[in-house]
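# Residue-level structural notes
Letter by letter, the chains look like this.
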Amino acid sequence: MHIELVKHPDVFLRLVSKKVSFPLDDKTERLIKWMYKAMYENLGIGLAAIQVGYQLRMFVMDCTRAQQTPEVFINPEIIEKSNETLCDVEGCLSAPGKREAVRRHLRIILKYQDKDGKEEKKTFYDLRARCVQHEMDHLDGKMCIDYEKGEYSRDKHKSQTMVESDFRVKHNT
Ligand code: NI
């Protein structure tokens, strides 16, 4: 079965996601597994809950070549960013065919909770740091296609025409 993702220009992608409460209920546990599956099926390296129709502050990631070690980051917060940045082209599973240059910090420190609610802190570099920053944007309704010449542009964000779609009826976790 193919997992349908929420895609641009759906307005749902522009919502600010809400904090996840602990302990996780069964539905959220199932949702995490669903997100791993959706990420792998769509050949992505990261996926935020909003992209599968849930307005929750969490994302999954696996930047390895083997794609067998998925991780989930719940209620994440970037607590430190390197001064060094790098501009590179990014794409998004929710905006197929579109690519945009985005300037990201080369190193970040992320504070988050694991699925048991335990608070963790982790340092990410390079591609993983980029991926985390991309997913963090999703949690606040931002997308890589909003960037212009590497910088996030509120005007470009607002100028994107958005519509409501019927993705909500396409799947059930
Ligand atoms: Ni994305």
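Up top you'll find the structure we're talking about.
Since this is a predicted model, take the numbers as computed values, not measurements.

### So, the overall build of the protein chain
Secondary structure summary: the protein chain contains three helices and nine strands in total. In sequence order, the protein chain lays out its α and β elements as α-β-β-β-β-β-β-β-α-β-β-α. In terms of overall dimensions, the protein chain is globule-like: its C-alpha atoms have a radius of gyration of 15 Å, near the 16 Å expected for 173 residues. Taken along its principal axes, the extent of the C-alpha atoms in the protein chain is 40 × 35 × 30 Å. The buried share among the 173 residues of the protein chain stands at 33%. Sequence-distant contacts in the protein chain: of pairs separated by 6 or more residues, those separated by 24 or more amount to 63%.

### Notes on helix α1 (residues 26–41)
Counted at 1.5 Å a residue, the expected span for α1 with its 16 residues is 22 Å, and the 22 Å between its end C-alpha atoms agrees. All buried positions along α1 are accounted for by L31, W34, M35, A38 and M39. One side of α1 carries all its buried residues, which in axial view fall inside an arc of 135°. Turned more than 90 degrees away from the buried face of α1 sit D26 and R30, all of them exposed. Against the buried residues of α1 lie β1 (46–48) and β2 (58–61). In the segment just after α1, L43 is the residue with positive phi, at about 55°.

### Considering the pairing of strand β7 (residues 119–125)
Two strands pair when backbone bridges link them, and strand β6 (residues 107–113) and β7 are joined in this way by seven bridges, in the antiparallel orientation. Across the sheet, L110 pairs through a bridge with K122, a residue of β7. Hairpin connection of β6 to β7: five residues between the antiparallel strands, including G117 at a positive phi of 90°.

### Overview of the nonpolar core
A general trend in soluble globular proteins is that nonpolar side chains are found buried together. In this structure, M35, L47, A49, V52, F59, F73 and V132 are the most contacted members of the largest nonpolar core, which totals 38 residues. Elements represented by at least two residues in this core include exactly α1, β1, β2, β3 (71–81), β6 and α2 (126–139). Those residues within four positions of L47 in sequence are excluded, and the remaining contacts are M35, A38, M39, F59, V60 and L93.

### Side note on unusual backbone geometry
For the bond from H8 to P9, the omega torsion is 10°, close enough to zero to count as cis. One can find P9 in the segment before α1. Cis peptide bonds are those with omega within 30 degrees of zero, and the linkage from F22 to P23 qualifies with -5°. If you trace the backbone, P23 turns up in the segment before α1. Residues other than glycine seldom take positive phi values, yet L43 does so here, at roughly 55°. Mapping L43 onto the fold places it in the loop between α1 and β1. For D126, which is not glycine, the phi dihedral falls at a positive 50°. Here D126 lies in helix α2. For D126, a count of 13 C-beta atoms within 10 Å corresponds to the partly exposed category.

Conventions used here
- Residues numbered from 1 in each chain as written.
- Predicted model: local features only at pLDDT ≥ 70, side-chain atom pairs only at ≥ 80, totals over all residues.
- Helix = DSSP H or I, 4+ residues; strand = E, 2+ residues; numbered from the N terminus.
- Rg over C-alpha atoms; globule rule 2.2 N^0.38 Å.
- Buried ≥ 20, exposed ≤ 12 C-beta atoms within 10 Å, placed from the backbone.
- Contact = placed C-beta atoms within 7 Å.
- Expected span 1.5 Å × (residues − 1).
- Arc of directions from axis to C-beta.
- Pairing = 2+ DSSP bridges.
- Core = buried A, V, L, I, M, F, W, Y, C linked by C-beta atoms within 7 Å.

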